[in-house]
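Here is what each chain is made of, one letter per residue.
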Amino acid sequence: MTDSGWSVYGTELSSRLFLGTARYPSPAIVEQAIVVSNADVITTGLRRQAPREGGGDAFWEFLKRQDCHLLPNTAGCATAKEAVTLAQMSREIFETDWIKLEVTGDEYNLQPDPYELLTATQELMSLGFKVFPYTTDDLVVCTRLAELGCEVIMPWGAPIGTGKGLINPYALATLRNRLPTTTLIVDAGIGMPSHAAQAMELGFDGVLLNTAVAKADDPVQMAGAMAQAIEAGRSAYEAGAMPVSETAQASTPIVGRPFWHAK
């Protein structure tokens, strides 16, 4: 379903689901999942594919043939210098100035390094990239990224690949409230369609996920379920939820007491 008014960096999109392309059983299943999900943005990591070994070239060509916008990422980089170099390589190979910026600061939970992330963002913006920074839900870091000119910021729901869902909804809701004009996309940690719906109900503009679909028993069916959940969550957000009450409220107002005529 087309969502009018939804765009990133001036590019109109028809889906609020960004879909990763790693860890699937086969390229054929990737392709089916993309079709069923209706995603028109797909991601891939240059460093995760060997250029001449294991079919790397063939896989890149396969991605290019999909009727989608490609969002290369810098997964696997630990410094700003590495990330900037990889981003420049990605721009040459994939012919896009979009880049999902990842700079890992901790190998245990793959948490982004905020210092290197900000440094890399500033340099990439100066080089003309449209940066999609992957970060934690830290308000100060996200605010700095917005001040550097990022129109899109992608805070995690939980550490990547965990499937834990939104471990800190309060922090995510705060980001939405404090950055009302910034496009916010929850990236990482989504495991179930209900997690994706929750993110959209908080007012986030989209969801980026990979493992939740790729490692499902039926990736294609899960891709469809995620698409439906994101659509439902967005619709619920736009509808406006009822206020929460600490006391019970009767759904049927009491006008009077019923009575019966005695025979």
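Everything here concerns the structure above.
From a predicted model like this one, the values you see are computed outputs, not experimental measurements.

Engineer: I keep staring at the nonpolar core and nothing clicks. Help me out?
Structural biologist: Here is a general trend for soluble globular proteins: nonpolar side chains tend to be buried in one another's company. Within the largest apolar cluster, 69 residues are counted, with the highest numbers of intra-cluster contacts made by Phe 18, Phe 132, Val 213 and Met 226. A per-element tally of this core places helix H3 (residues 80–94) first, with 6 residues. Apart from the residues lying within four places of it in its own chain, the contact partners of Met 226 are Leu 17, Ile 190, Gly 191, Met 192, Pro 193, Ala 196, Leu 209, Ala 212 and Val 213.

Engineer: Looking at this model, I keep getting lost on the state of the cysteines. Mind explaining?
Structural biologist: In a disulfide, the sulfur atoms of two cysteines are covalently bonded to one another. This structure, assessed with the given rule, holds 0 disulfides. Note on Cys 142: no disulfide assigned, nearest cysteine sulfur contributed by Cys 150 at a separation of 9.8 Å. On the basis of relative accessibility, which here comes to 3%, the residue Cys 150 falls in the buried class.

Engineer: Looking at this structure, how should I read the packing of H3 against helix H4 (residues 114–126)?
Structural biologist: In a pair of packed helices, the angle between the axes and the distance between the axes together describe the arrangement. Their axes nearest at 8 Å, the elements H3 and H4 cross at an angle of 35°. The chirality of how H3 crosses H4 is right-handed. Taken together, the residues of H4 that come into contact with H3 (itself represented by Ala 80, Ala 83, Val 84 and Ala 87) are Glu 116, Thr 119, Ala 120, Glu 123 and Leu 124. Among the residues forming the contact of H3 with H4, the class breakdown is 6 nonpolar, 1 polar and 2 charged.

Engineer: Is there a simple way to explain the pairing of strand S8 (residues 152–155) in this structure?
Structural biologist: In the case of a regular strand, side chains alternate between the two sheet surfaces. Taking every second residue as pointing to the same face, both faces of S8 are buried, with Val 152 and Met 154 on one and Ile 153 and Pro 155 on the other. Note: strand S7 (residues 130–135) against S8, 2 bridges, orientation parallel. Bridging across to S8, Tyr 134 finds its partner in Met 154. Each parallel crossover has a hand, and the one from S7 via helix H5 (residues 139–147) to S8 is right-handed. Sheet analysis places S8 next to strand S9 (residues 183–187), joined by 2 bridges and oriented parallel. In the sheet register, Ile 153 faces S9, and the bridge partner there is Leu 184.

Engineer: What's the story with H5 in this structure? I'm lost.
Structural biologist: Think of an α-helix as turning once every 3.6 residues; residues three or four places apart then point the same way. Those residues of H5 lying buried are Val 141, Cys 142 and Leu 145. End-on, the buried residues of H5 take up no more than an arc of 95°, which puts them together on one face. Those residues of H5 that are buried are in contact with H4, S7, S8 and helix H6 (169–178). By the N-cap criterion, in which a side-chain oxygen at the helix start approaches the backbone nitrogen of a residue two or three places on, H5 is capped by Asp 138, the distance to Val 140 being 3.0 Å. Positive backbone phi, at 115°, marks Gly 149, one or two positions downstream of H5.

Reading the values: rules and limits
- Residues numbered from 1 in each chain as written.
- Predicted model: local features only at pLDDT ≥ 70, side-chain atom pairs only at ≥ 80, totals over all residues.
- Heavy atoms only, no water.
- Core = buried A, V, L, I, M, F, W, Y, C linked by side-chain atoms within 4.5 Å.
- Buried < 20%, exposed > 50% of the residue type's maximum accessible area, 1.4 Å probe, protein only.
- Helix = DSSP H or I, 4+ residues; strand = E, 2+ residues; numbered from the N terminus.
- Contact = heavy atoms within 4.5 Å.
- Disulfide = S-S within 2.5 Å.
- Axes fitted to C-alpha atoms, helices over the stretch in contact; angles between N-to-C directions.
- Left-handed = near helix turned anticlockwise from the far one by under 90°.
- Nonpolar A, V, L, I, M, F, W, Y, C, P; charged D, E, K, R; others polar.
- Pairing = 2+ DSSP bridges.
- Right-handed = clockwise from strand over helix to strand, strands pointing away.
- Arc of directions from axis to C-beta.
- Polar contact = N/O pair within 3.5 Å; in protein donor to acceptor, adjacent residues only side chain to side chain.

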